[in-house]
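# Residue-level structure breakdown
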Amino acid sequence: MGAVRADDTEVAIVGAGPAGLVLSHLLAARGIDCVVLEQRSREYVEGRVRAGVLEHPTVELLRNLGVAERLDREGLAHRGIQLAVDGVRHHIDFVELTGHSITVYGQREVVRDLIAARLTAGGEIVFEAADVMPAAIETNRPVVRFRCGDEARAVRCRIVAGCDGSHGQCAGLVEPRTVAEHAYPFAWLGVLAEAAPTQDELIYAFHERGFALYSMRSASITRLYLQVAPDEQLGAWPDDRIWNELATRLPTGDGFTLNTGPIIDRGITAMHSSVTSPMRHGNLLLAGDAAHIVPATGAKGMNLAIADVSVMADVIEQALRHGRTERLGEYSPTCLPRVWRTQQFSHRMTTMLHRFGDDPFQRELQRAELARITSSVAAATDLAEHYVGLPFARLPEVVHQ
Ligand SMILES: Cc1cc2nc3c(=O)[nH]c(=O)nc-3n(C[C@H](O)[C@H](O)[C@H](O)COP(=O)(O)OP(=O)(O)OC[C@H]3O[C@@H](n4cnc5c(N)ncnc54)[C@H](O)[C@@H]3O)c2cc1C
């Protein structure tokens, strides 16, 4: 075996998703050196279709980092959402209820902007890094080994940021750990269609045949979801069936029309929740989907990943710039309460809107909850506050005596 090429940095970030990329910008803004190691190619990472709703605090953070120029130009600001209950639409006006809006801007656009800005600023992102594996995370000199083609490489660092998503390696290095999980008895069939949205707000539809979500990614692309069985096969859903089912579940005919068009992406996503705790072991810190999964109903996954790294950057700055390594211990307890509040909101949206079976008792409870939200300002405000985004958690201030 040939010699290993070893490099030094302060923080090795595993994963170039929203968590890893935003962290690289936050660290750069603090003058902290980092390298991002990503197993996939740049084209693959930039092409992945996923989230599309940005909370207000996420947009503010991206603006503060100077990476929101295209977001501000092309993102679609939404005043609120619509809840369609048995075919009747109700508007929840976030701006009126909270003073804040949400922004629809695709995750892949966020990722493209973050990668371009990082590389332009001279930052290092290693794409197609294979067999990435952190080691010595309990020492103050961790190392992350990986391969680039035939070349064996290693990055020596002070901190490893595990931002490698739900199928990554880093969470498994936290020992001992607790994983609290919940599985839902359905999945989402999601499609991306070349069809101009016919209205400028998302519609969450509660329907006898199951949940449907009408959303969009841009002025010409619609993003649509249908609740399906957890073991559903894509082959069972030809285009006609998808459009017919959407037209049935969405409140068409009430001033709302559903544009159809070529389906350019489709996939089935399982719905489940999980939280790994603690989110830190030694000098390894976890963020985003590496630490927790939320069901997509609340549109929180990407936002929560970015919220985590806003805390992580502060903790790392304390440890590396102020010698306060003991503050690494505050990372997990600072993040987890917001993680659980977000988890609770996502669970509530999921249980309120999906069909769980034929139990009429449960269906009427769901209708009662929806009636409360659509008729009470207090209940609607609670939903709105969570949807537009709770304030990011902050490290406790240190009181100097
Ligand atoms: C269909 C769908 C719809 C969604 N809708 C929304 C929404 O509307 N709003 C919302 O906020 N969230 C949504 N989400 C969730 C959101 O996409 C994720 O929560 C978000 O991507 C998490 O970001 P992350 O950076 O933590 O992880 P990821 O985006 O998964 O990034 C992890 C990165 O690590 C890389 N990686 C993995 N293993 C390794 C390894 N061993 N070595 C090196 N690199 C590795 C991966 O290739 C990836 O690039 C949705 C998700 C899906 C699937």
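The structure contained in this document is the topic of the report that follows. (Residues numbered from 1 in each chain as written. Predicted model: local features only at pLDDT ≥ 70, side-chain atom pairs only at ≥ 80, totals over all residues. Heavy atoms only, no water.)

### Points about the overall build of the chain
Scanning the chain from terminus to terminus reveals 11 helices and 21 strands. In terms of C-alpha radius of gyration, the chain reaches 22 Å, essentially the compact-globule figure of 21 Å for 401 residues. With respect to the principal axes defined by its C-alpha atoms, the chain has extents near 65 × 55 × 40 Å. For the chain, with 401 residues in total, the buried portion stands at 54%. For the chain, the share of sequence-separated contacts (at least 6 apart) that also reach a separation of at least 24 residues comes to 72%. Total accessible area on the chain stands at roughly 17000 Å², and carbon and sulfur atoms take up 49% of it. For the chain, the separation between the mean place of its 40 positive charges and that of its 50 negative charges on side chains is 2 Å. (Helix = DSSP H or I, 4+ residues; strand = E, 2+ residues; numbered from the N terminus. Rg over C-alpha atoms; globule rule 2.2 N^0.38 Å. Buried < 20%, exposed > 50% of the residue type's maximum accessible area, 1.4 Å probe, protein only. Contact = heavy atoms within 4.5 Å. Areas by Shrake-Rupley, 256 points an atom, 1.4 Å probe, with all protein chains shown as cover. Lys, Arg positive; Asp, Glu negative; His and termini not counted. Charge placed at Lys NZ, Arg CZ, Asp CG, Glu CD.)

### Describing the site of the ligand
Near the ligand, the surroundings consist of 32 residues, among which Glu 38, Arg 48, Gln 107, Asp 289 and Met 302 are the closest. Take Pro 18: an N or O atom from its main chain is 3.2 Å from an oxygen atom of the ligand. Gly 301 places a polar main-chain atom, nitrogen or oxygen, 3.1 Å from an oxygen atom of the ligand. Within the complex, the protein chains bury 90% of what would otherwise be the 1000 Å² of accessible surface of the ligand. Only α1 (18-29), β17 (222-228) and α8 (301-321) provide two or more residues apiece to the shell around the ligand. Here the element with the most residues in the shell around the ligand is α8; it accounts for 4 residues. Of the residues in the shell around the ligand, the class split is 12 nonpolar, 12 polar and 8 charged. (Near = heavy atom within 4 Å. Polar contact = N/O pair within 3.5 Å; in protein donor to acceptor, adjacent residues only side chain to side chain. Nonpolar A, V, L, I, M, F, W, Y, C, P; charged D, E, K, R; others polar.)

### Digging into the pattern of salt bridges
For the structure on display, the rule yields 36 salt bridges. Among the ionic pairs, Arg 108 bridges to Glu 109, the shortest N-O distance being 4.0 Å. Note on Arg 108: relative accessible area 25%, which makes it partly exposed. With relative accessibility at 18%, the residue Glu 109 sits in the buried group. Arg 348 serves as the salt-bridge partner of Asp 382, at 2.9 Å between the closest nitrogen and oxygen. (Salt bridge = Lys/Arg side-chain N within 4 Å of Asp/Glu carboxyl O.)

### So, the side chain of Asp 113
Tracing the sequence through the fold places Asp 113 in helix α6 (residues 107-120). Apart from the residues lying within four places of it in its own chain, the contact partners of Asp 113 are Val 67, Arg 70, Leu 71 and Tyr 105.

### Some details on the packing of aromatic side chains
Summed over all chains, the structure comprises 9 aromatic pairs. With 6.1 Å between their ring centres and 40° between their planes, Tyr 204 and Phe 211 make a pair best called tilted. We classify Tyr 204 as buried; its relative accessible area is 1%. With a relative accessible area of 0%, Phe 211 lands in the buried category. Feature note: the residues Phe 94, Trp 188, Tyr 204, Phe 211, Tyr 225, Phe 345 and Tyr 387 constitute an aromatic cluster, connected by ring pairs. (Phe/Tyr/Trp six-rings, centres within 6.5 Å; stacked < 30°, edge-to-face > 60°.)

### Focus on the environment of Gly 17
Position of Gly 17 among the secondary structure elements: in the loop between β2 (11-14) and α1. On the accessibility criterion, Gly 17 (15% relative accessible area) is buried.

### Comments concerning unusual backbone geometry
Residues Glu 175 and Pro 176 are joined by a peptide bond in cis, for which omega reads -5°. One non-glycine residue, Asp 86, lies in the positive phi region at around 50°. With respect to the helices, strands and loops of the structure, Asp 86 is situated in the loop between β6 (80-85) and β7 (88-93). Given the relative accessible area of 37%, Asp 86 is considered partly exposed. Backbone geometry places Asp 131, a non-glycine residue, at a positive phi of 50°. Tracing the sequence through the fold places Asp 131 in strand β10 (residues 130-135). Residue classification places Asp 131 among the exposed residues on the basis of a relative accessible area of 55%.

### Details of the sheet that holds strand β13 (residues 159-162)
The 6 strands are arranged β9-β3-β2-β13-β20-β19 in an open sheet whose pairing can be described as mixed. If you trace the sheet from one side to the other, it starts and ends with β9 (124-126) and β19 (280-281), each paired once. Inspection of the sheet shows strand β3 (residues 34-37) paired to β9 by 3 bridges, in the parallel sense. Note that in β9 the partner of Leu 37 across the bridge is Val 126. (Pairing = 2+ DSSP bridges.)

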